[in-house]
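# Descriptive analysis of the structure
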Amino acid sequence: MKRKGKKDSFRFRIKLIIFAVVLIYGCRYSFTGASVPPHLKTIAIPVFDDQSGYGRATLREELTNKIVERFILDNTLKIADKSTASSLLEGVIVSVQDNPVVVGTGERVVKSRITITVRVGFYDMVKRTKVWERTFSNWGEYELEGNIQNNLQLGIKQAIEKLSEDILLATVANW
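A brief structural summary. In this convention, every chain numbers its residues from 1, walking through the sequence in written order. Per-residue local features of the predicted model are confined to residues with pLDDT of at least 70, and side-chain atom pairs are confined, for both listing and counting, to 80 or more; whole-chain, interface and lining totals are unaffected and use all residues. Only hydrogens and water are removed before side-chain values are computed, so all heavy atoms of the structure are retained for them.

### Thoughts on the pattern of salt bridges
A side chain of one charge can pair with a side chain of the opposite charge when the charged atoms of the two come close. Take a side-chain nitrogen of Lys or Arg and a carboxyl oxygen of Asp or Glu: if they are within 4 Å of each other, that pair is a salt bridge. All chains considered together, the criterion is met by 12 salt bridges. Glu62 is the partner of Arg56 in a salt bridge, and the nearest nitrogen-oxygen pair spans 3.4 Å. Where Glu165 meets Arg70, a salt bridge forms, and the shortest distance between an N and an O atom there is 2.6 Å. Residue Glu165 is located in helix α3 (residues 148-172), and its partner Arg70 is located in helix α2 (residues 59-74); the two are separated by 95 residues in the primary sequence. Put simply, DSSP H or I for four residues or longer makes a helix, DSSP E for two residues or longer makes a strand, and each gets a number counted from the N terminus.

### Re the side chain of Ser164
Mapped onto the fold, Ser164 is located in helix α3. Each residue is assigned to one of three classes by its accessible area relative to the maximum for its type, calculated with a 1.4 Å probe on protein chains only: buried under 20%, partly exposed between the two thresholds, exposed over 50%. On the accessibility criterion, Ser164 (0% relative accessible area) is buried. Two N or O atoms form a polar contact when they lie within 3.5 Å of each other; inside protein one atom must be a possible hydrogen donor and the other a possible acceptor, and for residues adjacent in sequence the pair counts only when both atoms belong to side chains. A polar atom in the side chain of Ser164 sits 2.9 Å from the backbone oxygen of Glu161. When sequence neighbours within four positions are dropped, the list of residues in contact with Ser164 reads Lys66, Ile67 and Arg70. Residues count as neighbours in contact if any of their non-hydrogen atoms are within 4.5 Å of one another.

### A look at the packing of α2 against α3
Angle between the axes and distance between the axes are the two parameters that describe a pair of packed helices. Only the stretch in contact is used when fitting a helix axis, every axis being a line fitted to C-alpha atoms; angles between N-to-C directions are given from 0 to 180 degrees. Closest axis-to-axis distance for the α2/α3 pair is 9 Å, and the angle between their directions is 45°. Classified by the angle between their axes, α2 and α3 sit oblique to one another. In this structure, α2 meets α3 at a crossing whose hand is right-handed. On α3, the residues touching Leu59, Glu62, Leu63, Lys66, Ile67, Arg70, Phe71 and Asp74 of α2 are Gln153, Ile156, Ile160, Glu161, Leu163, Ser164, Glu165, Ile167, Leu168, Thr171 and Val172. Of the residues belonging to the contact of α2 with α3, the class tally is 10 nonpolar, three polar and six charged. Here the word oblique covers every angle except those under 35 degrees (roughly parallel), over 145 (roughly antiparallel) and from 65 to 115 (roughly perpendicular). A crossing counts as left-handed when the near helix is turned anticlockwise from the far one by less than a right angle, and as right-handed when that turn is clockwise. Three classes are used: nonpolar for Ala, Val, Leu, Ile, Met, Phe, Trp, Tyr, Cys and Pro, charged for Asp, Glu, Lys and Arg, and polar for all others, with Gly counted as polar.

Limitation: the analysis is restricted to geometry and does not speak to function.
Encoded structure:
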């Protein structure tokens, strides 16, 4: 009897191992979340246009540089020149709005929210097709006390950080 028990135990282990191997290889799944087509390896990101009329000369460079930085850190698509890139990300800043969000005593505004809206297109240069075109909008808040220009810069930086993350995710993960 003991001998048959060991044989059954051995067969059970073999079946379990086979089942595990089949499960692992049969149900492979990628956890990268990337939805970039495999033929796209590089991306060109020219400086975004600014049609907002906001009047901040460096806004387009600040936004573009942050988006490029995000793509470099993400490393899904390598930054390349427009003439050689397999994909292209183009954008236009369409509006910048600055609105009060916190009103203090005497109806004095103490905190403001700056909202930046951009229209972005992602293009497959290999197949010569538009992958998507979307409008993104995000914001940053800043205090209207102390050094207002520095505070405003921090609010713009917050909005740009959020926008660059949204654009990266839409491009590499199709969120």
